[in-house]
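# Examining the three-dimensional arrangement
Now for the letters of each chain:
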Amino acid sequence: MHARFEIMTSRHNEVRDITSRVQEILRGSGVKEGVCSVYVPHATAAVIINENADPNINSDLLDALTKAVPEHGGYLHDRIDGNATAHIKAAIIGPSEIIPVSGGELALGAWQDVMLCEFDGPRRRQVIVTIIPDTHR
Amino acid sequence: MHARFEIMTSRHNEVRDITSRVQEILRGSGVKEGVCSVYVPHATAAVIINENADPNINSDLLDALTKAVPEHGGYLHDRIDGNATAHIKAAIIGPSEIIPVSGGELALGAWQDVMLCEFDGPRRRQVIVTIIPDTHR
Amino acid sequence: MHARFEIMTSRHNEVRDITSRVQEILRGSGVKEGVCSVYVPHATAAVIINENADPNINSDLLDALTKAVPEHGGYLHDRIDGNATAHIKAAIIGPSEIIPVSGGELALGAWQDVMLCEFDGPRRRQVIVTIIPDTHR
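Everything numeric in this text was worked out from a predicted model, so none of it was measured. (Residues numbered from 1 in each chain as written. Chains lettered and ligands numbered in written order. Predicted model: local features only at pLDDT ≥ 70, side-chain atom pairs only at ≥ 80, totals over all residues.)

Here we come to the relation of the copies chain B and chain C. What relates the two chain copies is a rotation about an axis together with a slide along it. The transform that puts chain B on chain C rotates by 120° and translates by 0.0 Å along the axis, for an RMSD of 0.0 Å. In the structure described here, the two chain copies are related by an operation that fits a three-fold rotation axis. When C-alpha distances to the rotation axis are compared across chain B, the minimum falls at Ala 68 of chain B, with a value of 3.8 Å. When the interface residues of chain B are mapped onto chain C, a mere 20% of them are again interface residues, pointing to distinct binding faces. (Least-squares fit on C-alpha atoms with pLDDT ≥ 70 in both. Contact = placed C-beta atoms within 7 Å.)

For the pair chain A and chain B, the relating rotation is 120°, the translation along its axis is 0.0 Å, and the fit reaches an RMSD of 0.0 Å. Looking at chain A, a mere 20% of its interface residues are interface residues in chain B too, so the copies touch through different faces.

Here we take up the confidence of the model for chain A. Reading fine detail from the predicted coordinates is not recommended where pLDDT is low. Counting all residues, the mean pLDDT for chain A is 96, and 99% of those residues have values of 70 or more. Across the whole predicted complex the pTM is 0.97, and at the interface the ipTM reaches 0.96. (pLDDT = per-residue confidence, 0-100.)

The next subject is helix α3 (residues 84–93) of chain B. Of all 10 residues in α3 of chain B, 10 are buried; the element is thus mostly enclosed. Taken as a whole, α3 of chain B has its buried residues at Ala 84, Thr 85, Ala 86, His 87, Ile 88, Lys 89, Ala 90, Ala 91, Ile 92 and Ile 93 of chain B. (Buried ≥ 20, exposed ≤ 12 C-beta atoms within 10 Å, placed from the backbone. Helix = DSSP H or I, 4+ residues; strand = E, 2+ residues; numbered from the N terminus.)

Moving on to the interface of chain B and chain C. Counting residues at the interface gives 30 residues for chain B and 29 residues for chain C. Those elements that place two or more of their residues in the side of chain B that touches chain C are β4 (45–50), α2 (56–68), α3 and β5 (96–102) of chain B. A total of 7 residues in the side of chain B that touches chain C trace back to one element, the largest contributor, which is α2 of chain B. Per-class residue counts for the side of chain B that touches chain C are 15 nonpolar, 9 polar and 6 charged. (Nonpolar A, V, L, I, M, F, W, Y, C, P; charged D, E, K, R; others polar.)

Before going further, it helps to spend a moment on the packing of helix α3 (residues 84–93) of chain A against helix α2 (residues 56–68) of chain C. Where α3 of chain A meets α2 of chain C, the closest approach of the two axes is 9 Å, and the angle between their N-to-C directions is 65°. Viewed along their axes, α3 of chain A and α2 of chain C adopt a mutual orientation that is roughly perpendicular. For the pair α3 of chain A and α2 of chain C, the sense of crossing is right-handed. Contacts from Ala 84, His 87, Ile 88 and Ala 91 of chain A of α3 of chain A reach α2 of chain C at Ile 57, Asp 60, Leu 61 and Ala 64 of chain C. (Axes fitted to C-alpha atoms, helices over the stretch in contact; angles between N-to-C directions. Parallel < 35°, antiparallel > 145°, perpendicular 65-115°, else oblique. Left-handed = near helix turned anticlockwise from the far one by under 90°.)

Further remarks concern the interface of chain A and chain B. A common measure of how large an interface is: the accessible area buried when the components associate. Taken together, the 30 residues of chain A in the interface contact 29 residues of chain B. Of all the elements in the fold, those that place two or more residues in the side of chain A that touches chain B are β4 (45–50), α2 (56–68), α3 and β5 (96–102) of chain A. Broken down by element, the side of chain A that touches chain B gets its largest block of residues, 7 residues, from α2 of chain A. The residue inventory of the side of chain A that touches chain B, partitioned by class, reads 15 nonpolar, 9 polar and 6 charged.

Here we come to the sheet that holds strand β1 (residues 2–8) of chain C. Residues and elements named next belong to chain C. Read across the open sheet, the 5 strands follow the order β1-β8-β3-β5-β6; overall the sheet is antiparallel. The sheet is open, and its two edges are formed by β1 and β6 (105–106), each paired on a single side. Across 7 bridges, the pairing between β1 and strand β8 (residues 124–133) is antiparallel. The partner of Glu 6 across the bridge, within β8, is Gln 126. (Pairing = 2+ DSSP bridges.)

So, on to the nonpolar core. The biggest cluster of nonpolar side chains holds 140 residues, and the ones touching the most others in it are Cys 36 of chain A, Cys 36 of chain B together with Cys 36 of chain C. Those residues in contact with Cys 36 of chain B, other than ones at most four positions away along the chain, are Val 22, Leu 26, Ile 99, Val 101, Leu 106, Val 129 and Ile 131 of chain B. (Core = buried A, V, L, I, M, F, W, Y, C linked by C-beta atoms within 7 Å.)

The next subject is α2 of chain A. Between its first and last C-alpha atoms α2 of chain A spans 18 Å; for 13 residues at 1.5 Å apiece the expected length is 18 Å, and the two agree. Along α2 of chain A, the residues that are buried comprise Ile 57, Asn 58, Asp 60, Leu 61, Leu 62, Ala 64, Leu 65 and Ala 68 of chain A. (Expected span 1.5 Å × (residues − 1).)

Turning our attention to the pairing of strand β3 (residues 34–39) of chain B. Residue and element names in this part refer to chain B. When you tally the buried positions in β3, you get 6 out of 6 residues, the bulk of the element. Bridge count between β3 and strand β8 (residues 124–133): 6 bridges; the pairing is antiparallel. From the neighbouring strand, Cys 36 faces β8, where its bridge partner is Ile 131. Direction of pairing for β3 relative to β5: antiparallel, over a ladder of 6 bridges. Among the inter-strand pairings, Cys 36 is bridged to a residue of β5, identified as Ile 99.

Right, let's get into unusual backbone geometry. Cis geometry marks the peptide bond from Gly 121 of chain B to Pro 122 of chain B; its omega dihedral reads -5°. Within the secondary structure layout, Pro 122 of chain B lies in the loop between β7 (113–118) and β8. In the Ramachandran plot, His 72 of chain A falls in the positive-phi region, its phi being about 55° despite a non-glycine side chain. Examined against the element boundaries, His 72 of chain A turns out to sit in the loop between α2 and α3. Among the residues examined, His 72 of chain A registers 10 C-beta atoms within 10 Å and is labelled exposed.

Have a look at this one:
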């Protein structure tokens, strides 16, 4: 029910589409109905669901977050590690999303993709996919 | 276990209480213990849990989001579709919430309601409700 | 499958580590594989997952949220209750997190802790922990 995969990010702030990786794991599980959790075990990365048909949306999101939580904005944690803004962004966005599973597929909308947000890259990141089957029959 | 319903929003930015619709689906399922996922398959809408006893809280939330992510704030995606701010807000808030189910009811607090956030309306929106029963007995 | 515990917060804005309480409930459940939901039934509190090895990260998060959503920033709800900013922060962060369970333990990353965010304290707060076992075998 759990599967893990890794991705290597290439920039300091970056959004990476992981939809096909999650779909592949779901199909391999054989589960037809239930929910799917996508989770990153990291404190400076996060998971979002949004449109990737125009990847500029991801750039806009990263810019808006950096505007709201500026780099080196006088944070206490920056005295230790220099990445306070990455932690704050990750806490606001959150490390996971839950997607309904219907007919063996993610019930994503036409304009929804599943994406990993990197806020302190480049780094090797893990993604944990958990499929919870519906047993209510 | 999955149920869908539609709502037609009436404003560009709007918060709509969907608690009673979700409760109705939960009661129809007959599930007494577990969790309930409320999911919107859209990239410019979102789901929150908060107080609706004073609907001004929703106006305050929408105003605060627009202040943090201004309309037409120089976004790249606005060259294509004009709704970058809606995507950014939806990504930050997220498309779903998970609520514990106890005694056949949503375990909401006294001041909690389940609400759909519209950031690019008016539009017809879908809501997917998934009940995951507890089978641990 | 559900368990509840209470914590008494001591400041107006505060982040409290609840990881060990959640782990204790998980171990008591005997569930080895699945997911764990941590939910607060409150409209002015929230749950995050982030690093607490340096507690300054929590102070930085609280300061960044207050900068983005200032106290008494002309909110309509403040005419009634004075805590609009707490509601807005809680809606943005959200009342719950879902964590994979693997080998009877929370699949948290090395730098992840589970924490309650208080935005309108000091108050007595409840936390609902729900363990959803994997039954897919």
